[in-house]
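Listed below, chain by chain, are the residues.
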Amino acid sequence: MSKVEVFQQQPSGAVAAESPFHFSRQRNPLAPAKGEAGVIMAERPFLTHLILRGTPEVLLGGVRNVTGLTLPQTPCSMNSKEDKSLQWLAPDEWLLILPPGSEFSTEKALRGELGDGSYAIVNVSGGQTVLELSGPNAREVLMKSTSCDLHPRTFPEGRGVSTVFAKTGAIIRRPDAQRWELVIRRSFADYLYRWLLSAGAEYGITTQER
Amino acid sequence: MTQTNRLNKGGRIDRQRILNFTFNGQRYEGHAGDTLASALLANGVNVVNRSFKYSRPRGIVAAGAEEPNAVMQMGATEATQIPNVRATQQALFEGLCARSTNPHSELLSTLGNLFAPLIPPGFYYKTFMQPASMWMTYEKVIRKAAGLGRSPRESDPDHYEHIKRHCDVLVIGAGAAGLAAALAAGRSGARVILCDEQEEPGGSLLDSRELLDGRPASAWVESVMAELANMEEVLLLPRTTANGLHDHNFITLYERRAEHLGDLVPEIDGRKPARACLHHVRAGQIVLATGAHERPLVYASNDLPGNMLAGAVSTYIRRYGVVPGKRLVVSTCHDDGYRAALDWAEAGHQVVAIVDARKHNDAATGHWVRLAAKQGLQIIYGSAVIEAKGKNRVTGARVAEIDIPEFQTRGSVTDLACDTIASSGGYNPVVHLASHTGARPVWRDDIMGFVPTKMTGLIPTGGATGIYALADVLKSGIEAGSEAALACGRQSPEIDLPEVDRIEIAQAAPLFQVPHPKTTLRAPKQFVDLQNDVTAAAIELATREGFESIEHVKRYTAMGFGTDQGKLGNINGMAVVARCLKKSIAETGTTVFRPNYTPVAFGAIAGPHRRELFDPERYTALHAWHVDRGAAFEDVGQWKRPWYYPQSTGESMHDAVARECRAVREKVGVLDASTLGKIDIQGKDVREFLGRIYTNKWEKLPVGKARYGLMCKDDGMVMDDGVTTCLGDNHFLMTTTTGGAAGVLEWLELWHQTEWPELDVSFTSVTDHWATLMVTGPEARHLLAEMTDIDLDRDTFKFMEWREGDVAGVPARVYRISFTGELSYEINVQAHYAMHVWKKLFEHGDKYGLTPYGTETMHVLRAEKGFIIVGQETDGSVTPEDLGMQWCVGYDKPFSWIGKRALTRPDTRREDRKQMVGLKPVDQTVVLQEGAQIVFEPKASPIAMVGHVTSSYYSPTLGHGFALAVVKGGQKRMGERVYLPMADGVTQVAEIVSPIFYDPKGERQNV
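The rules we used
- Residues numbered from 1 in each chain as written.
- Chains lettered and ligands numbered in written order.
- Predicted model: local features only at pLDDT ≥ 70, side-chain atom pairs only at ≥ 80, totals over all residues.
- Helix = DSSP H or I, 4+ residues; strand = E, 2+ residues; numbered from the N terminus.
- Rg over C-alpha atoms; globule rule 2.2 N^0.38 Å.
- Buried ≥ 20, exposed ≤ 12 C-beta atoms within 10 Å, placed from the backbone.
- Axes fitted to C-alpha atoms, helices over the stretch in contact; angles between N-to-C directions.
- Left-handed = near helix turned anticlockwise from the far one by under 90°.
- Contact = placed C-beta atoms within 7 Å.
- Nonpolar A, V, L, I, M, F, W, Y, C, P; charged D, E, K, R; others polar.
- Pairing = 2+ DSSP bridges.
- Parallel < 35°, antiparallel > 145°, perpendicular 65-115°, else oblique.
- pLDDT = per-residue confidence, 0-100.

**Regarding the overall build of chain A**
Assigned secondary structure in chain A consists of five helices and 11 strands. On C-alpha atoms alone, chain A measures out to a radius of gyration of 18 Å, which is about the 17 Å that the 2.2 N^0.38 rule sets for 210 residues. Expressed along its principal axes, the backbone C-alpha trace of chain A runs to roughly 55 × 45 × 30 Å. Counting over 210 residues, chain A shows a buried share of 50%.

**What about the overall build of chain B?**
Scanning chain B from N- to C-terminus turns up 25 helices and 49 strands. Computed over the C-alpha atoms, the radius of gyration of chain B is 38 Å, more than 25% above the 30 Å expected from 2.2 N^0.38 for a compact globule of 1007 residues. Once the C-alpha set of chain B is aligned to its principal axes, its extents read approximately 115 × 70 × 60 Å. Taken over 1007 residues, chain B has a buried fraction of 55%.

**Section: the packing of helix α8 (residues 337–346) of chain B against helix α10 (residues 367–374) of chain B**
Residue and element names in this part refer to chain B. At a minimum axis distance of 9 Å, the contact between α8 and α10 shows a crossing angle of 35°. By crossing handedness, the relation of α8 to α10 is classed as left-handed. Facing α8, whose interface residues are Tyr 338, Arg 339, Ala 341 and Leu 342, α10 presents Trp 368, Val 369, Leu 371 and Ala 372. The class makeup of the residues in the contact of α8 with α10 is seven nonpolar, no polar and one charged.

**Some details on the sheet that holds strand β21 (residues 383–390) of chain B**
Residues and elements named next belong to chain B. What the three strands build is an open sheet, ordered β21-β22-β23; its pairing is antiparallel. At either end of the open sheet lies a strand with only one pairing partner, and these are β21 and β23 (408–417). Taking the axes of each pair of neighbouring strands and ignoring which way they run, one obtains an average angle of 25° across the sheet. In this sheet, strand β22 (residues 394–403) lies alongside β21 in antiparallel orientation, the contact comprising seven bridges. Residue Ser 383 lies in a different strand from β22, and its bridge partner there is Glu 401.

**Concerning the interface of chain A and chain B**
Across the boundary between the two partners, chain A contributes 52 residues, which contact 51 residues of chain B. Broken down by secondary-structure element, the contributors of at least two residues to the side of chain A that touches chain B are α1 (22–27), β2 (48–54), β6 (119–123) and α5 (189–200) of chain A. If one sorts the elements of the side of chain A that touches chain B by residue count, α5(A) sits on top with six residues.

**Some points on helix α20 (residues 686–693) of chain B**
Here α20(B) has its buried residues at Val686(B), Phe689(B), Leu690(B), Gly691(B) and Ile693(B). For α20(B), the elements touching its buried residues are β34 (677–682), β35 (706–712), β36 (718–728), β37 (731–736) and α21 (741–754) of chain B.

**Brief notes about α8(B)**
Residue and element names in this part refer to chain B. Of all 10 residues that make up α8, eight are buried, and the element is covered over most of its length. All buried positions along α8 are accounted for by Gly 337, Tyr 338, Arg 339, Ala 340, Ala 341, Leu 342, Asp 343 and Trp 344. Once α8 ends, the next one or two residues include Gly 348, with phi positive near 90°.

**Here's the deal with unusual backbone geometry**
All names here are of chain B. Of the consecutive residues Pro 595 and Asn 596, the connecting peptide bond is found in the cis state with omega at 0°. Positionally, Asn 596 belongs in the loop between α16 (585–588) and α17 (602–606). Following Ser 941, the chain continues into Pro 942 via a peptide bond in cis, with omega recorded as -5°. Along the chain, the position of Pro 942 falls in the loop between β45 (933–935) and β46 (945–955). Despite not being glycine, His 248 shows a phi value in the positive range, around 55°. As for its position among the elements, His 248 is in the loop between β13 (240–246) and β14 (250–256).

**Notes on the sheet that holds strand β3 (residues 78–81) of chain A**
Residues and elements named next belong to chain A. Ordered by their spatial adjacency, five strands build an open sheet running β3-β4-β5-β2-β6, and the pairing between neighbours is antiparallel. Edge positions in the sheet fall to β3 and β6, since each has one partner strand and no second. For this sheet the average axis-to-axis angle between neighbouring strands, irrespective of direction, equals 15°. Both β2 and β6 contribute to a ladder of five bridges, which runs antiparallel. Opposite Gly 54, over in β6, you have Tyr 119 as the bridge partner. Docked against the sheet, helix α2 (residues 56–67) engages β2, β4 (84–90), β5 (93–98) and β6, running at close to 155° with respect to β2.

**Here's the deal with the pairing of strand β49 (residues 987–993) of chain B**
Residues and elements named next belong to chain B. Only one face of β49 is buried, namely the one carrying Gln 988, Ala 990 and Ile 992, since none of Thr 987, Val 989, Glu 991 and Val 993 on the opposite face is buried. In the sheet, strand β44 (residues 914–921) pairs with β49 via four bridges, with the strands oriented antiparallel. Bridged to Pro 921 within β49 is Ala 990. Alignment of strand β48 (residues 977–981) against β49, held across five bridges, turns out to be antiparallel. In the strand pairing of β49, Tyr 979 is matched with Val 989. Where β48 folds back onto β49 in an antiparallel hairpin, the turn is made up of five residues, including Gly 985, whose phi is positive at roughly 95°.

**With respect to the packing of helix α7 (residues 310–320) of chain B against α8(B)**
Pairs of packed helices are described in terms of their axes, by the angle between the two and the distance that separates them. Residue and element names in this part refer to chain B. Two numbers describe how α7 lies on α8: the axes approach to 8 Å, and their chain directions differ by 30°. Taken together, the axis directions place α7 and α8 in an arrangement best described as roughly parallel. Regarding α7 and α8, the two cross each other, and that crossing is left-handed. Residues Ala 310, Val 313, Ser 314, Ile 317 and Arg 318 of α7 lie in contact with α8, whose contacting residues are Gly 337, Arg 339, Ala 340, Asp 343 and Trp 344. Considered class by class, the residues forming the contact of α7 with α8 number five nonpolar, two polar and three charged.

**Overview of the pairing of strand β38 (residues 762–765) of chain B**
Residues and elements named next belong to chain B. What you see with β38 is no split at all: Ser 762 and Thr 764 on one side and Phe 763 and Ser 765 on the other are buried throughout. Here β34 runs beside β38; their pairing, made up of four bridges, is antiparallel. In the strand pairing of β38, Asp 680 is matched with Thr 764.

**As for the environment of Leu748(B)**
Residue and element names in this part refer to chain B. Following the sequence through the fold, Leu 748 ends up in helix α21. In this structure Leu 748 comes out as buried when scored by C-beta crowding, with 21 C-beta atoms within 10 Å. As a C-alpha pair, Leu 748 and Gln 89 span 659 residues in sequence and 56 Å in three-dimensional space. Those residues within four positions of Leu 748 in sequence are excluded, and the remaining contacts are Ile 693 and Phe 763.

**A short note on the confidence of the model for chain B**
Summing up the model confidence of chain B, the mean pLDDT is 94 and the portion of residues at 70 or higher is 96%. Across the predicted assembly, pTM comes out at 0.93 and ipTM at 0.97.

Below, the structure is given as structure tokens:
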């Protein structure tokens, strides 16, 4: 057995999968907003989420070779390319988000590149999900939820922070000027779903399946 | 009733729009643009409330936040009741329904006046303190008699919002100074918030006699507001009060979005807006442009309806087109008091006299004084109104010459017939916000007022800092806005000030309490604090009784204790104290200013954090199934865990738990254990790290095996437990208690980062990633075998081992660990697929009698086995040895693990420590109460407590009640009897037994 147990956790056959918002959508199906929706919520379910731990020196080259992404070293920043993103979470911690289904192959490839060094890679894909917010009032809804300053002057595109959100935590990211992304823990998803519906009600809020 | 006091023209009201409202059940009409106060005055309503202590009639005094009397109970229905609304700040709307918080009662009024001499300051303290136990009763009666309003008894149908904001510059107040500051800051490109508490911006400019650029000042207000509204980085918040200023420029803004729209928030475009929003603002710089409150003069019977602030008289005339009387006497000690007389005369009503405390020579240079003289108004110099006459309304003013330094009147007293007395003693800069963080304001003799002390990030401007001449106010506003922008790295362009005629102002006289021919104690009441019925005599008496500190005087007399926080009266009160103690006002000082500036609705404080959003509910991936199955839920931390699953036939909890227990012991059960904390640990030094964190040994745990671990704090007390599995030589999975997960992760990080950074180890929470399905019971192997490719043979997959394989088509890690004492397989799959696997289990499980069980059954089963629950058997004062878990302590480990040293302290070595044991009630039908106190000698007195019951259940397997408990020296007292005296007088008897009640050799889990 290898020193770290890397495990293909994806079923090979057809198995019903439920994203963290599955129950919330069932319980609170959202009628389309009356009039123009100020906020549009869209889950991007089942993405690959990997936590990388280690020093930049150890991770940088291997991560670039495997993902094509540069390890961001500026605190609270992220690098994205197409449907991949790599976000700084702490001086020795990054969040790698990739298209669905790539956790096993990516971890294998990364471990192959990085060899026997001091680092950790942890698959957390089942434990969190990405919720995208857009629309003219998306920022107001976030301002109701976090003490972070989200103004473009202090929260430009490419910034991402892990912070207090409502009465729990979330990662807030701004991949581009139009969209905000929240990375939300599975067990808090329903609470945050209801929280966001409440916060967005005054602007008209709607969900979009992708 | 007609609006007898309404002028035919003038004011900023819309005469075309008539609004109906009721006050104390009586119907009235007002206009759009009115406040409730201006509408009441228009209708000639004199008495709006009764006073706190003496039940005296009270009328409207002011036109803003400082109003002490017109305090209303609002609301047309029970659910929409709001107490303590100032009529001067409440916009009129159609259907508004208001009542006095303290309506008239003949009895109280008579009693109040009859016994007034018997109610000295400190009356409440002196009378109601004994016996202390009665205070709660007294308080209710006093509160009701005092008319402090009441809260609704039904839930509020409206909703409230919170929002967090950041800005470079927060400008508080949109009067002349604030508008100028916002303009300067806004043009610099800074992020600006401008808030103002009134219905419309402009402050004193809305009723100013002065012209800006040759036009009415309100036109300038409109042009500035239009420009600000077009600036992208400027946020305008009307009807928004800055309520509290806290450390590091954190300010709460209370925005009333719908209080002016109706009793209930109306729907707008199909959506119901929030009634109010609380903004939590972090500002780089704060420009304090809160202006000043006019200070009334203190004279005898100054509380009669018809006594008003001079500035308020002007405001009602010029802004609302209401003249609140027919014949006016003005009593003032500075020029601005004359403006009320000029406005009154221009409205065509009679000005009886202007009584000026200054000598002719000192006053006559003033612009407004000369204008009044030119218009032929009668001016009486060197004098003051010393007393108002009347019963329910002023009918006359008694005027006498006064000597301010000597505090006495001279010569004879003249009676002037009038129905309104407007007084002005100068201005109090509104320093409240600048003082909320504890900074004391500073007295300035030249302006006779307190101004804010210097604070980082706070720039007072205009009236708030004692600048009153309009030209100077505008200039100071521009400077403040530019300074604030500059501090945020932005440059304001040059700004042209509007042109204002600079008018001559004569020096004011320092007049607070007006002398009376009688002494203060013998003169008719001279009110300092109208809301709390505090008189100058009461304050003088307090100083005579030895209260010298202004804080003590405040508490003894209750001055400033009302919902108005003494905005009108406090400075006068300090002046009275200063006079009595022969000190200066600067030496006397102010009392502490506290948030909130004006009352805030509780709904706004709660915001959206109520009901289901009050606290997060955490759900597992299987939550929907539990809900559908009708589970009763238990809160474990923030998690909702199935407690038990009653059958639809109305099964009781006792029956459901007994059924679930039997299913696990006899067949097979399944538990959603996903809430257990799970921490993925990787690195070359994990074994070493675990050996230091846990009490037991880890260096030899091979790959493929799992081990139970106990975690102690450095005081040697158990803090957590759980099974940790070796997945690879450098890879472990730690499980923690459900409630302890976050704390344990922090604990690991703390020790790694601060004490042992040299160890190669890193921790990542995977609690939410893995769903955990615990299949347990004699039939567990048969059931699982149908669904998996893992070899479940008892000799290849042993107890305390794990395997990987396919379960119901999903890759899974299966752990053979047990919290029930039965054959158990803990299936872990990525949470997305948990529901699929769970449902497949039930498809296969029917024939084996698969039964879902909840936390209550889990508790019973583990207790039968003597397995502890951290937080139930332990409470932070229990060592591994107290639990009898010496088998789980590696005394000879080479590195001193956390808690080891503490276990050698004399206290942890005591033989009479409380130790965990089992208790078997002698009466087999009894289930002991959890928490019940244990004694050895029930007849002794005093009775010595020797322990308590930590867990107690009925065991359907054993057929009797049983308990776990901690008992002093219990491990050596096996077989002895203990007694549990209960609150109902019954004493239970139990025998101390081993805590392992079932399968003591542990054979069932190894099968």
